[in-house]
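Given next are the chains, with one letter for each unit.
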Amino acid sequence: KERHSFCITSLFFSSLFYLVVIALEEKIIVSKLGDNATLSCIYQGRELHLKNLRVYWQIADDQEECSVVHALISGQDNESQQCIHFKNRTQLFWDRLENGDFSLLLLNVSQSDERTYRCVVLQKTEYTRVIHQAEVVLSLAASYSQPILSGPIKNSDSAGEEVTFSCRSGNGYPKPNVYWINKTDNSHLPPSELKITSHTDGTYSVFSTLKVKATSDMQIECSIENKILQENLSANYTQQKQSNCSNTECHKNPGKNGQGAQAAGIVSIVVLIGLLTVLTCWLRRRRSSKLASYTGNE
């Protein structure tokens, strides 16, 4: 009885010790949606015999109805208690097990896999005891597309008027941070609208608008930040100075200006043809005069 009590006490303190290690060595793994993720669990100890080991990968949240992600018992995979969600999606690295590497490969990760996982390794000698524990936090992410920024027509005379910019990006995860920046002084501008839409594959699209008073030298930037991937994608708008036009008709009636240029080209061609005709007639007359003079001398 005393020995049994001593074993329970040893197991308790052993588990307590490893829980402290977990708190200090918790690992965060970042994976992209649809990729495979390796959850690390490495025991730095003496040589192991698989027949004496039980390895459990489980979801750390005890409130889950099913928490078993993968189980290895006496050197064999055991799927009897594995959660349906993980069926045919988990693998151990068999060539590394005897060296203490109990890392788990999780295939085709999805949004629902974003959890904290616990690896528990038990060894059976005189009694079963926990020899190693580790926790891994799996964070998922997906890169957003290059943002598309739309604004007022460049070169338009809109200074002083309220203008609207729009910025859109998609296929990213998790929800992004969206920033509007006035690049002339690097000040942040509050968006007029921010809409984030979720898709069936777990990714998000974002659409935002900004309304500001137009200036002659506007420089606006839209920035999409993905904190998990530490990515920051941006698009820029720069208002160009107006071209040298006598009036605003050069902006408002580009078709009319094109017709004017075409008419000027036609007039130039007509004038050139006229000059060529005059020159031809003059050459002919001069030639005729020379022939008449030569005949008279004969």
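Note that this is a predicted model, so its numbers are computed, not measured. (Residues numbered from 1 in each chain as written. Predicted model: local features only at pLDDT ≥ 70, side-chain atom pairs only at ≥ 80, totals over all residues. Heavy atoms only, no water.)

A. Representation of the sheet that holds strand S14 (residues 193–198). One open sheet accounts for four strands, arranged S10-S11-S15-S14; its pairing is antiparallel. Each end of this open sheet is capped by a strand with a single partner; those strands are strand S10 (148–150) and S14. Each strand of the sheet is rotated relative to its neighbour by a mean of 10 degrees, with strand direction disregarded. Two elements, S14 and strand S15 (residues 204–213), share six bridges in a ladder whose sense is antiparallel. Bridged to threonine 197 within S15 is serine 205. (Pairing = 2+ DSSP bridges. Helix = DSSP H or I, 4+ residues; strand = E, 2+ residues; numbered from the N terminus. Axes fitted to C-alpha atoms, helices over the stretch in contact; angles between N-to-C directions.)

B. Structural context of the environment of aspartate 101. Within the secondary structure, aspartate 101 is located in the loop between strand S6 (90–92) and strand S7 (104–106). Judged by its relative accessible area of 13%, aspartate 101 is buried. Separated by 58 residues in the primary sequence, aspartate 101 and tyrosine 43 place their C-alpha atoms 6.3 Å from one another. Not counting residues up to four positions away in its chain, the partners in contact with aspartate 101 are Cys41, Ile42, Phe93 and Arg96. At a separation of 2.7 Å, a polar atom in the side chain of aspartate 101 contacts the side chain of serine 103. (Buried < 20%, exposed > 50% of the residue type's maximum accessible area, 1.4 Å probe, protein only. Contact = heavy atoms within 4.5 Å. Polar contact = N/O pair within 3.5 Å; in protein donor to acceptor, adjacent residues only side chain to side chain.)

C. Local environment of the packing of aromatic side chains. By the definition in use, this model includes three aromatic pairs. Measuring from centroid to centroid gives 6.3 Å for phenylalanine 86 and tyrosine 117, while their planes differ by 80 degrees, and the two rings are edge-to-face. With phenylalanine 86 in the loop between strand S5 (76–77) and S6 and tyrosine 117 in strand S8 (residues 116–124), this residue pair connects regions lying 31 residues apart in the sequence. With a centroid separation of 5.0 Å and 75 degrees between ring planes, the pair formed by phenylalanine 165 and tyrosine 237 is classed as edge-to-face. Of this pair, phenylalanine 165 sits in strand S11 (residues 162–172) while tyrosine 237 is found in strand S17 (residues 231–238), placing the two residues 72 residues apart along the sequence. Under the relative-accessibility criterion, phenylalanine 165 is labelled buried at 0%. (Phe/Tyr/Trp six-rings, centres within 6.5 Å; stacked < 30°, edge-to-face > 60°.)

Geometry only, nothing functional implied.
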